Amino acid sequence: MSISDWFKAREARRYTAVNGERVAGDVPDGVWSKCSSCKRIVYEGQLVANLRVCPHCGNHFDLTAFERIDLLADPGSFAEFDAGVGSTDPLGFVAAKPYTVSLESARERSGLTEGVVVGRATIGDHPVVLGAMDFRFIGASMGSAVGEKIARSFEVATSERRAVVLCTASGGARMQEGMLSLMQMAKTSAAARRLAEARLPYISVLTNPTMGGVTASFAVLADVVLAEPGALIGFAGPRVIEQTIKQHLPKGFQSSEYLLEHGMVDEVVVRGQLTARVTTLLGYLAGGGERA
Amino acid sequence: MTRRHVMEFERPLVELEAKLGELRQLELTANPELAAEVAALAVEIEALRESTYADLSAWDRVQISRHPDRPKAQDYLAAIFTDVVELHGDRSYGDDEAIVAALATIDGRRVAVLGHRKGKNTRENIARNFGMAHPEGFRKAMRIMRLAEKFGLPLVTLIDTPGAFPGIEAEERGQAWAIAESLSLLSGLHVPVIAVGIGEGGSGGALAIGFGDRLIMLENSYYSVISPEACASILHKDAGKAAEVATCLAMTATDLVGLGIVDEIIPEPVGGAHRDPGEVFGEVRGRISAALAALSGSDPDELVSMRYAKLRAVGVIEEVQG
Ligand SMILES: [Zn+2]
């Protein structure tokens, strides 16, 4: 199945589930959407054919974890692991609403158990562990379960001598698990280090948005850091910065392009070229070079 | 006399103490009734003192951890280490005063020391950015980590920061990158690493130098994924709910021992470390020395795998039925 066929099939599935359940105010059900960037109308058919990139302005719409995986993995190659690993509520956290309620509704809405999906796959025939975060799941924030699945990804890859490709999208560490979440930053960074010591490649793809404790840990520890156009990427959120320094932020601040300019990412890659680019990079990094 | 910094929860006590102080200025010998009242007030104050400092809430401890007179990293360096040589700069951009880096000796043992550095007054705090490091601060820390690794020096870190600085330049110079690299480097050091929470443990900026083979916390220090104020304003749209949120976040030393993150708690004098710094220095010095002695002679690879196993064990997960 080609990527666009897959997206069409997926969209068809989505509509059967969505009908009557999510009828947005000014967007007739399942026919067209309004681009959040150029505000123009985009027909779903166009959006699907174009990998959910706005044909008018190039705005990259969010992808779900499985859309992302199907974009990158060789057809039929993805085998998820740790699919059932989920966070609990170890702190009994209640603020505004109980964390257990947030977890439940995130599971219901996304059909996922957590904010990241990981598994074995091939990309251009290179064996990899591939992971993708799903922002719909409590902002794909990193708590115990996300940290565990990311650490497992590096460990599986290290022991099976696979490369790692991770597509990030996250609001940062998950507040509702307190310090357990913060420590996942150290845990995932340590796991990434072990992969690096085994001289296995790691490519990260930073997508909109990648912030806080996810950026400040495994996301940027890759050998090659790619970013999608127009993604918001950084440590502190723009509002926190504005409140702290009491200044307006420069235009495009913390965008992929801005980070490229400041030397923080290797390349900004449009979605249509992402799979080819990752494949080429794996060819360079996964071949063992002159040591092979 | 300098004005005493009064923390929210001790205000009623301080007000009574002030009243008592005024009464004691009066001529009491001629007024036995008033003298009796003063004596009663003194008893009341003692009882209140006891209850004020017993069973401190998480939010009370946050106040203590931020007390301006609380001993700072540089105070520990001066008090419990000898032959201190401070090292400066990240060799790339500048010298971030929010991080202190040094070679030092503790009880005859040569070590490398890293700490977040706050100031004692406004002038110092401006120079040190209130202990909030920029990327060059973390890159300076990494220089010292590499030095420790190269020369086999154990590393002692002192954690005391509200967080990494959220600013335009910090982002432009790669705040997230610097923290991530520091986490990675620290996790792989082949020398003993002792981390001690002496005050504020604010999020990623604290963690960048804030974990190791032993994580020890002072009784009234905190360590948190997010500041209670920021958490309250995100979840409740009301920073005033910080006290409530502080309890939820499980950020005290006791909470963190319960979660398996912190190994040891160092008790503080009643009211906080600033009430008797000398006592605290002695205790901290003893604990660091004991931890270093326990880890001394460890196989370097074993140290790294044990540290990894320790990190790896942190988290609570379940198998969710799909
Ligand atoms: Zn558009």
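Residues numbered from 1 in each chain as written. Chains lettered and ligands numbered in written order. Predicted model: local features only at pLDDT ≥ 70, side-chain atom pairs only at ≥ 80, totals over all residues. Heavy atoms only, no water.

**Some points on the pattern of salt bridges**
Residue and element names in this part refer to chain B.
At step 1: Applying the stated criterion across every chain, the model contains 35 salt bridges over all chains.
At step 2: For the salt bridge of Arg 275 with Glu 10, the shortest nitrogen-to-oxygen distance reads 3.5 Å. Taken together, the residues span a long stretch of sequence, with Arg 275 in the loop between strand 7 (264-266) and helix 13 (277-295) and Glu 10 in the segment before helix 1 (11-25) at a distance of 265 residues.
At step 3: The partly exposed category is assigned to Arg 275, whose relative accessible area is 35%.
At step 4: Within the structure, one salt-bridge network assembled from shared partners comprises Arg 66, Lys 118, Asp 160, Glu 200 and Glu 229. (Salt bridge = Lys/Arg side-chain N within 4 Å of Asp/Glu carboxyl O. Helix = DSSP H or I, 4+ residues; strand = E, 2+ residues; numbered from the N terminus. Buried < 20%, exposed > 50% of the residue type's maximum accessible area, 1.4 Å probe, protein only.)

**Here's the deal with the interface of chain A and chain B**
At step 1: Counting from both sides, the interface comprises 61 residues of chain A and, opposite them, 48 residues of chain B.
At step 2: For the pairing of chain A and chain B, the buried interface totals around 4,800 Å² over both sides, and the portion due to carbon and sulfur atoms is 73%.
At step 3: When the buried area of chain A at its contact with chain B is split by residue, Met175(A), Met179(A) and Phe235(A) rank highest and sum to 15% of it.
At step 4: Applying the counting rule to chain A against chain B returns 2 salt bridges. (Contact = heavy atoms within 4.5 Å. Buried area = accessible area lost by both parts, 1.4 Å probe.)

**Looking at the environment of Glu319(B)**
At step 1: Take Glu319(B): it is sitting in strand 8 (residues 317-319).
At step 2: Among the residues examined, Glu319(B) registers a relative accessible area of 54% and is labelled exposed.
At step 3: Each C-alpha atom of the pair Glu319(B) and Ile179(B) lies 31 Å from the other, and the pair is 140 residues apart in sequence.
At step 4: With residues near it in sequence (within four places) discarded, Glu319(B) still touches Gly84(A) and Val85(A).

**Concerning the coordination of the zinc ion**
Residues and elements named next belong to chain A.
At step 1: Cys 35 (SG), Cys 38 (SG), Cys 54 (SG) and Cys 57 (SG) make up the full set of protein donors to the zinc ion, lying at 2.3 to 2.4 Å.
At step 2: Classification of the site at the zinc ion rests on its 4 donor atoms, whose angles at the metal span 106 to 112 degrees, yielding the label tetrahedral.
At step 3: Linear spacing of the donor residues for the zinc ion on their chain is C-x2-C-x15-C-x2-C.
At step 4: Given the relative accessible area of 1%, Cys 35 is considered buried. (Donors = N, O, S within 2.8 Å, 3.2 Å for Na, K, Ca; no water. Tetrahedral: all angles 85-135°; square planar, octahedral: opposite > 155°, others 65-115°.)

**Quick look at the domain arrangement of chain B**
All names here are of chain B.
At step 1: Its domain assignment divides chain B into domain 1 (8-55) and domain 2 (62-312).
At step 2: Here the C-alpha centroids of domain 1 and domain 2 sit 39 Å apart.
At step 3: Each partner contributes to the interface: domain 1 provides 4 residues, whereas domain 2 provides 5 residues.
At step 4: Of the roughly 400 Å² buried between domain 1 and domain 2 on both sides combined, carbon and sulfur atoms contribute 62%.
At step 5: When the buried area of domain 1 at its contact with domain 2 is split by residue, Glu 8, Phe 9 and Tyr 53 rank highest and sum to 81% of it.
At step 6: In this structure, the connection of domain 1 to domain 2 is made through 1 salt bridge.
At step 7: In this assembly, domain 1 and domain 2 are joined by 1 residue pair in polar contact (both at pLDDT 80 or more).
At step 8: Here the residues of the side of domain 1 that touches domain 2 sort into 2 nonpolar, no polar and 2 charged. (Domains from an automatic or database assignment. Polar contact = N/O pair within 3.5 Å; in protein donor to acceptor, adjacent residues only side chain to side chain. Nonpolar A, V, L, I, M, F, W, Y, C, P; charged D, E, K, R; others polar.)

**Re the sheet that holds strand 12 (residues 267-268) of chain A**
Strand pairing in a sheet is mediated by backbone hydrogen bonds. Such pairs are either parallel or antiparallel.
All names here are of chain A.
At step 1: Spatially, 3-7-8-9-10-11-12 is the arrangement adopted by the 7 strands of the open sheet, whose pairing is mixed. At either end of the open sheet lies a strand with only one pairing partner, and these are strand 3 (79-81) and strand 12.
At step 2: The pairing of strand 10 (residues 202-210) with strand 11 (residues 224-227) spans 4 bridges and is classified as parallel. Its bridge partner lying in strand 11, Ile 203 is registered against Val 224.
At step 3: Seen against the sheet, helix 5 (residues 144-160) touches strand 3, strand 7 (116-123), strand 8 (126-133), strand 9 (163-170) and strand 10 and runs at an angle of roughly 25 degrees to strand 7. (Pairing = 2+ DSSP bridges. Axes fitted to C-alpha atoms, helices over the stretch in contact; angles between N-to-C directions.)

**Examining the sheet that holds strand 4 (residues 155-161) of chain B**
Residues and elements named next belong to chain B.
At step 1: Strand order across the open sheet formed by 7 strands is 1-2-3-4-5-6-7, with mixed pairing between neighbours. The sheet is open, and its two borders are formed by strand 1 (82-87) and strand 7, each paired with just one other strand. Each neighbouring strand pair of the sheet contributes to a mean axis angle of 25 degrees, computed without reference to strand direction.
At step 2: Bridge count between strand 5 (residues 193-201) and strand 6 (residues 214-218): 4 bridges; the pairing is parallel. Within strand 6, the residue paired with Gly 197 across the bridge is Met 217.
At step 3: Docked against the sheet, helix 4 (residues 73-80) engages strand 1, strand 2 (99-106), strand 3 (109-116), strand 4, strand 5 and strand 6, running at close to 15 degrees with respect to strand 2.

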